[in-house]
Amino acid sequence: MAAARLAQQLDALGADAEVTLYGGEPEAPYNRALIADVLTGRHRPADLALPVGAARLRTGSEVVALDTAGRTLALADGDRARYDDLVLATGANPVLPPLRGLFAADGSWRTGLHALRSLADCARLAADAATAHRAVVIGGGVLGVSAARALAALGLPVEIVHQGPHLLERHLDEGAAHAVRQALAGLGVETYPANRARALDGEDRVAGVFLATGHRLDADLVVLACGVRPRTGLAHSAGLPVGRGIQVDDTLACAPGTYAIGDCAEHRGVVHGLAAPAWDQADLLARRLSGADPDARWTGTRTLARLTAGPLEYAAFGVGEAPADADVLCLGDATRGTYRRLVLRGDRLLGGALVGDLATAGTLSRAWLEGRPAGPDPLSLLVAPPAHPARTAR
Amino acid sequence: MTTTDTHCPYCALQCGMRLAPGAAGEPPDITGREEFPVNRGALCGKGQSAAALLAPAARLTEPLVRDASGELRPATWSEALDRTAEAMRRAAEVYGPDAAGVFGGGGLTNEKAYLLGKFARVALGSSAIDYNGRFCMSSAAAASRAAFGLDRGLPFPLADIPHTGCVILVGSNPAETMPPAVRHLRELRENGGTLIVVDPRRTRTAELADLHLQPLPGTDLALALGLLHLVVADGHVDEEFVAARTTGFDAARATAMAHWPERVEALTGVPVPAQREAVRLFTARPTGMVLTARGPEQQSKGTATVGAWIDLCLATGRAGRPYSGYGCLTGQGNGQGGREHGQKADQLPGYRSLEDPADRAAVAAVWGVDPGHLPRSGTSAYELLDRAGRPGGVRTLLVMGSNPVVSAPDAGHVTRRLQALDHLVVCDFVLSETALLADVVLPVAQWAEETGTLTNLEGRVLLRRAALAPPPGVRTDLHVLHALAARLGHPRGFPEDAEEVFAELGRATAGAPADYAGISYDRLTGEPGIHWPCPAPGHPGTPRLFLDRFAHPDGRARFAAPTHRPSAEEPDSAYPTRLTTGRTVHHYQSGAQTRRVAALTAADPGPYVELHPDLADTLGADDGDLLLVTSRRGTATAPARLSKAIRPDTVFMPFHWPGAGRANSLTHAALDPVSRMPEFKVCAVRVEKAPPAGEARP
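Residues numbered from 1 in each chain as written. Chains lettered and ligands numbered in written order. Predicted model: local features only at pLDDT ≥ 70, side-chain atom pairs only at ≥ 80, totals over all residues. Heavy atoms only, no water.

Under an unreviewed UniProt entry, the name given to chain B is Molybdopterin oxidoreductase family protein, and the organism recorded is Streptomyces koyangensis.

Named according to an unreviewed UniProt entry, chain A is NAD(P)/FAD-dependent oxidoreductase originating from Streptomyces koyangensis. The UniProt entry for chain A carries this comment under Cofactor (unreviewed entry): "FAD". (UniProt positions renumbered as here; feature names shortened; annotations may be inferred.)

Printed below as a string of structure tokens:
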């Protein structure tokens with residue numbers, strides 16, 4: 001995604017450069033943020049394709065080695081290519097949890113076990129889901145929640161096993177997570193927070209999930225959603241600086257003529273792992289490389305977590321749990337399943353969440369992203385004026 | 001005078017009005033004409049009071065020339081014309097023909113626009129001509145041409161609006177800018193249709209809407225693509241229409257995928273639920289329209305932005321069908337006709353191209369000149385002004401029907417460029433701020449005093465008949481062009497008689513995209529206007545375009561598939577707030593006319609800064625406090641007007657006033673790469689309480 005945006009922007013800015021995109025997947029670059037909607041059938045897989053400007057596409061051509069001194073790269077099929085500038089946008093891989101029974105005897109994933117990161121994953125999962133009876137999703141983060149909702153939309157009973165104290169603890173406080181849990185329950189998804197999956201049960205095919213508590217959940221379909229980790233192997237082998245991600249400076253460079261953007265990049269110790277910063281990094285690098293703004297610098301960004309999974313929606317930013325000296329403004333409505341919360345110090349926004357009622361998501365997200373104060377009436381960030389004046393007046 | 005049926009001097013609605021003799025010593029009475037379908041008798045305050053400017057006291061009645069002491073003094077017509085002709089000749093001799101230039105206006109009649117273009121290309125032999133319409137409709141024009149192969153503001157009559165299913169009004173505030181048009185929106189809702197208004201401000205128009213989307217200024221493009229995304233995702237693409245009547249959908253779908261709703265929410269501030277509601281309303285009924293105005297158009301990505309809104313129409317099959325389509329609500333009185341007949345730097349009459357050999361030959365034949373002698377395309381309005389008085393730029397400039405000192409972007413800079421000219425001549429009926437800088441000011445007749453045609457926002461060609469004679473000392477713009485051309489060695493080819501010019505215009509546009517060949521004054525006298533194209537005297541005109549085919553050679557409309565990009569100047573720590581500009585209900589454009597009408601000035605006496613109470617709170621400012629607004633280009637001071645109608649990250653200023661409160665001192669001249677439209681609608685500013693008098697900053 002970051003690579004497609006970069007290529008599109010280089011073209012839009014009239015960069016005098018020949019751009020080639022190499023990728024191991026068979027598809028042209030696509031919008032990974034929409035994969036759960038492919039699973040539900042809302043999008044056709046081919047519809048996720050992203051614009052890439054005038055770039056040449058080399059799909060199914062995984063880059064397996066780099067020679068950054070000689071400025072050449074090697075492809076899986078043995079081909080080599082020269083380059084002047086190299087941008088690594090290798091993204092991230094699913095994290096494999098320490099779980100017994102993940103692999104079959106031949107070392108491949110057990111039948112019925114899935115990840116949901118690529119269109120190929122999605123196609124396999126959809127095919128399997130068509131005949132499966134019960135699903136368990138291991139991991140209650142963004143990916144886990146959206147995968148669970150998508151499987152539920154296909155008519156499967158779904159259970160989420162989540163190790164953290166509550167769902168989405170990286171983004172949400174306990175109250176917000178509870179609202180999400182209730183909403184999921186309404187869609188046919190049960191959630192077991194503070195539970196660790198210990199092992200998979202079954203012979204050839206997955207038959208269940210053993211929890212650390214000793215309980216066993218019946219399941220012939222299991223989705224691993226335990227987070228992602230930057231794909232840094234290629235960079236590491238090439239001797240580029242790698243911490244959690246590929247370490248870049250404020251020019252997004254990790255070595256002369258070598259850059260990294262998106263989920264694989266680590267900047268000032270931060271790996272964003274979200275689509276919006278990846279897009280912004282791509283735009284900035286395009287301005288640098290095209291000459292439109294050769295001095296542009298990346299100094300980090302605020303981020304906002306946003307999930308839309310059918311009827312389940314939330315927005316969250318900043319801290320989840322409130323520091324002791326902070327003020328908390330909270331509106332919960334169990335009947336309507338909504339939960340809205342702001343964490344403030346003085347009139348400075350520290351964090352916030354909207355679950356179920358996103359009417360102020362735009363105002364709130366702009367205020368957060370631009371670092372504006374909450375203003376004298378912070379409640380206005382949680383409660384929108386009626387959106388349809390004329391209709392109510394009718 | 002006798003009672004005369006005519007049309008309003010102001011906006012592009014060209015409301016039908018009737019002028020009757022007033023009481024003794026009073027200006028003529030004005031009433032709206034019921035039978036004219038655009039306004040059906042309604043007039044706004046500007047139209048009702050338009051006759052005030054006919055009084056000799058309100059206007060110029062003798063030519064002025066700048067004397068040796070630097071003061072403007074009265075002069076005879078022949079002295080004034082001689083001086084200008086001599087300056088034009090001298091500029092061409094010393095610097096080449098392009099050093100004498102022309103700057104026209106979107107309020108000029110078709111005849112004037114046509115003759116002005118001919119004057120530049122034939123009498124001056126200069127490529128240096130453009131006009132203030134570049135600042136109005138150029139982005140919509142470029143996007144329409146790219147999408148449909150033809151640019152006509154509305155491809156349907158305004159009276160179709162009440163019969164569509166849903167109207168999305170983008171960056172348009174007709175409740176203030178063209179009030180008589182609002183009845184069509186009210187009727188739309190009475191008929192069960194819905195209205196969506198997209199505007200950073202909760203305007204009077206937004207208050208009428210079923211749904212108001214309030215995006216950050218400069219993000220209308222992203223919003224359109226977010227809606228297109230939802231159209232694709234929710235299965236609202238009209239596959240049959242897309243396959244049969246369009247090209248380029250795959251690219252549009254790809255760009256829509258790159259702008260998913262949550263991303264668009266972060267860019268625009270429009271919540272995803274509101275985006276979904278907009279798509280639901282727009283697709284709930286089989287017909288729909290998207291109408292844009294200056295909001296999305298006056299941006300450095302205006303062409304792309306309009307293209308994205310057109311894509312929304314094309315993807316849903318809401319174009320080229322009855323009661324559906326995209327339209328631009330043109331602003332100036334002859335914004336439509338003014339852009340068709342050769343005032344534009346790259347165009348010849350009828351939308352012919354200066355770069356197309358066949359077009360050049362066709363017009364050259366009508367003009368009786370060698371096609372090789374026609375200049376090539378010139379530079380756009382802002383570029384023309386920016387280069388004025390510099391090497392390669394104009395040295396002598398004729399301004400007709402425009403007041404760029406108030407209306408141009410980065411107006412302080414433009415003022416300095418105009419001051420650097422060797423010779424500036426301004427034709428106007430009031431002493432505008434631009435006229436105050438001129439070496440020669442020529443007092444010309446106004447709407448009720450001269451005959452001519454205008455083409456309103458529907459592409460409807462209308463005849464305005466002279467109702468009374470201008471005061472002594474006043475002549476017409478056509479006379480000025482005739483007299484200057486004669487002094488420059490072209491005694492023929494520049495008729496003073498409007499009907500004669502119109503007949504020539506008809507010949508020059510025959511077979512062209514904007515074909516007027518079948519329209520005559522006789523026909524216009526008997527009909528409530530004729531929609532072009534009208535290629536033959538027996539042709540009924542074309543109220544609705546594109547019903548069978550779009551105007552590209554293959555008959556198909558083309559998707560634009562643009563992508564979001566930031567505004568040319570995004571806020572930062574030094575200039576943390578966005579400024580957007582616009583109009584108020586009681587004034588028109590640079591205000592040169594309306595500021596001279598007592599009733600209008602009493603209702604709306606001066607500039608102001610509209611800001612959200614939250615922003616005012618951080619500034620410690622109260623309603624009415626004088627605010628200092630600073631951009632990288634200049635400053636403006638005006639009183640605060642607190643309103644929750646505006647986003648807390650944005651301030652609004654109306655642009656009708658000169659001097660300290662001049663909004664365009666702040667605006668940014670970043671140009672759209674295609675249309676060369678400046679970015680009037682968004683720039684970065686710092687807002688502070690103005691220091692008390694006596695402590696003004698240097």
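All right, on to the overall build of chain B then. The helix and strand tally for chain B stands at 24 helices and 30 strands. Over its C-alpha trace chain B gives a radius of gyration of 24 Å, about what one expects of a compact globule, namely 26 Å for 698 residues. Based on the C-alpha atoms only, the size of chain B along its principal axes is roughly 70 × 70 × 55 Å. For chain B, the proportion of its 698 residues judged to be buried stands at 68%. Taking as baseline every contact in chain B between residues at least 6 positions apart, the subset at least 24 positions apart corresponds to 73%. As displayed, chain B offers around 21,100 Å² of accessible surface, 52% of which is attributable to carbon and sulfur atoms. Within chain B, the 76 negative side-chain charges are centred at a point lying 1 Å from the centre of the 70 positive side-chain charges. (Helix = DSSP H or I, 4+ residues; strand = E, 2+ residues; numbered from the N terminus. Rg over C-alpha atoms; globule rule 2.2 N^0.38 Å. Buried < 20%, exposed > 50% of the residue type's maximum accessible area, 1.4 Å probe, protein only. Contact = heavy atoms within 4.5 Å. Areas by Shrake-Rupley, 256 points an atom, 1.4 Å probe, with all protein chains shown as cover. Lys, Arg positive; Asp, Glu negative; His and termini not counted. Charge placed at Lys NZ, Arg CZ, Asp CG, Glu CD.)

Now for the overall build of chain A. Broken down by element type, chain A carries 9 helices and 25 strands. Here chain A has a C-alpha radius of gyration of 22 Å; the compact-globule value for 394 residues is 21 Å, and the two agree. Judged by the C-alpha coordinates and their principal axes, chain A covers about 65 × 60 × 45 Å. Within chain A, buried positions represent 50% of all 394 residues. A separation threshold of at least 6 residues defines the contact pool for chain A, and within that pool the share at least 24 residues apart is 58%. For chain A, the accessible area works out to roughly 17,300 Å², and carbon and sulfur atoms hold 50% of it.

Moving on to the UniProt feature "domain: 4Fe-4S Mo/W bis-MGD-type" (unreviewed entry) in chain B. Feature annotation in UniProt places "domain: 4Fe-4S Mo/W bis-MGD-type" (unreviewed entry) on residues 1–58 of chain B, given in this structure's numbering. Spanning residues 1–58 of chain B, this segment combines 7% helix with 22% strand, and its end C-alpha atoms are found 20 Å apart.

Another point: the interface of chain A and chain B. Contacts between the two partners involve 44 residues from chain A and, on the opposite side, 47 residues from chain B. The partner of Glu-370 of chain A in a salt bridge is Arg-578 of chain B, with the nearest N and O atoms 3.0 Å apart. The interface formed by chain A and chain B includes 12 residue pairs in polar contact (both at pLDDT 80 or more). Going through the elements one at a time, helix H1 (2–12), helix H7 (275–290), strand S21 (304–309), helix H8 (361–370) and helix H9 (389–393) of chain A are the ones with two or more residues in the side of chain A that touches chain B. The dominant element in the side of chain A that touches chain B, judged by the number of residues it contributes, is H8 of chain A, at 7 residues. Residues that form the side of chain A that touches chain B fall into these classes: 21 nonpolar, 11 polar and 12 charged. (Salt bridge = Lys/Arg side-chain N within 4 Å of Asp/Glu carboxyl O. Polar contact = N/O pair within 3.5 Å; in protein donor to acceptor, adjacent residues only side chain to side chain. Nonpolar A, V, L, I, M, F, W, Y, C, P; charged D, E, K, R; others polar.)

Right, let's talk about a negative patch on the surface for a bit. Residue and element names in this part refer to chain B. A cluster of acidic residues, Glu-496, Asp-497, Glu-499, Glu-500 and Asp-522, forms a negative patch on the protein surface. Structurally, Glu-499 is set in helix H21 (residues 498–509). Accessibility expressed as a relative area gives 36% for Glu-499, which makes it partly exposed. (Patch = residues over 30% accessible without salt bridge, like charges linked within 9 Å, V, L, I, M, F, W, Y side chains within 5 Å.)

Residues and elements named next belong to chain B. In terms of domains, chain B is made up of domain 1 (4–58), domain 2 (64–135 + 336–445 + 462–514), domain 3 (138–328) and domain 4 (577–689). Computed from C-alpha coordinates alone, the two centres of domain 3 and domain 4 are separated by 26 Å. Each side of the interface is counted separately: domain 3 has 28 residues, and domain 4 has 24 residues. Regarding the contact of domain 3 and domain 4, the summed buried area is about 2,000 Å², with carbon and sulfur atoms giving 55% of it. Interface area lost by domain 3 to domain 4 is led by Arg-201, Gln-298 and Ser-300, which between them contribute 32%. Our count for the domain 3 to domain 4 interface comes out at 1 salt bridge. (Domains from an automatic or database assignment. Buried area = accessible area lost by both parts, 1.4 Å probe.)

Bringing helix H12 (residues 272–283) of chain B into the picture now. Its 12 residues place the ends of H12 of chain B 17 Å apart at the C-alpha level, agreeing with the 16 Å of an ideal helix rising 1.5 Å per residue. Buried within H12 of chain B we find Val-272, Ala-274, Gln-275, Glu-277, Ala-278, Val-279, Leu-281, Phe-282 and Thr-283 of chain B. (Expected span 1.5 Å × (residues − 1).)

Bringing the nonpolar core into the picture now. Ranked by internal contacts, the top residues of the largest apolar core, which has 203 residues, are Leu-151 of chain A together with Phe-119, Phe-148 and Trp-309 of chain B. Considering every element that reaches this core, the biggest residue donor is helix H8 (residues 220–233) of chain B, with 10 residues. Here Phe-148 of chain B is in contact with Ile-310, Leu-314, Ala-319, Tyr-326, Phe-546, Phe-550, Ala-551, His-552 and Ala-557 of chain B, once residues within four sequence places are set aside. In this structure, Cys-15, Leu-188, Met-289 and Ala-293 of chain B belong to the second largest nonpolar core, which totals 48 residues. (Core = buried A, V, L, I, M, F, W, Y, C linked by side-chain atoms within 4.5 Å.)

A separate point is the sheet that holds strand S7 (residues 129–131) of chain B. All names here are of chain B. Ordered by their spatial adjacency, 7 strands build an open sheet running S5-S4-S18-S17-S16-S6-S7, and the pairing between neighbours is mixed. Lying at the two open borders of the sheet, with one neighbouring strand each, are strand S5 (72–74) and S7. With strand direction ignored, the average angle separating the axes of adjacent strands in the sheet is 20 degrees. (Pairing = 2+ DSSP bridges. Axes fitted to C-alpha atoms, helices over the stretch in contact; angles between N-to-C directions.)

To continue, consider the packing of aromatic side chains. Within the structure shown, the criterion is met by 15 aromatic pairs over all chains. Measuring from centroid to centroid gives 5.2 Å for Tyr-10 of chain B and Tyr-588 of chain B, while their planes differ by 65 degrees, and the two rings are edge-to-face. With a gap of 578 residues between them, Tyr-10 of chain B in the loop between strand S1 (4–7) and strand S2 (16–20) and Tyr-588 of chain B in the loop between strand S23 (577–582) and helix H23 (598–603) connect regions that are remote in the sequence. Considered together, Tyr-10 of chain B and Tyr-588 of chain B belong to a single accessibility category, that of buried residues. When the ring centre of Trp-279 of chain A is taken as origin, the NZ or CZ atom of Arg-5 of chain A, which lies over that ring, is 4.0 Å away. (Phe/Tyr/Trp six-rings, centres within 6.5 Å; stacked < 30°, edge-to-face > 60°. Lys NZ or Arg CZ within 6 Å of the ring centre and 35° of its normal.)

What follows covers the side chain of His-413 of chain B. Residue and element names in this part refer to chain B. Its location among the elements puts His-413 in helix H19 (residues 411–419). Residue classification places His-413 among the buried positions, given a relative accessible area of 16%. Apart from the residues within four sequence positions on either side, His-413 is in contact with Tyr-382, Asp-386 and Arg-390.

Let us look at the UniProt feature "domain: FAD/NAD(P)-binding" (unreviewed entry) in chain A. Within this structure's numbering, the places UniProt gives as "domain: FAD/NAD(P)-binding" (unreviewed entry) are residues 2–271 of chain A. Structurally, residues 2–271 of chain A is divided into 21% helix and 27% strand, and its ends, taken at the C-alpha atoms, are 14 Å apart.

Attention shifts here to unusual backbone geometry. The omega torsion of the bond from Trp-532 of chain B to Pro-533 of chain B falls at -5 degrees, within 30 degrees of zero and hence cis. Here the phi dihedral of Arg-71 of chain A falls at roughly 50 degrees; this positive angle occurs in a residue that is not glycine. Locating Arg-71 of chain A in the fold gives a position in the loop between strand S3 (63–67) and strand S4 (72–75). Residue Arg-71 of chain A is classed as partly exposed on the basis of its relative accessible area of 26%. Phi is positive for Tyr-323 of chain B, which is not a glycine, with a value near 60 degrees. Following the sequence through the fold, Tyr-323 of chain B ends up in the loop between helix H14 (302–315) and strand S13 (325–328). On the basis of relative accessible area, Tyr-323 of chain B is assigned to the partly exposed category, the value being 31%.

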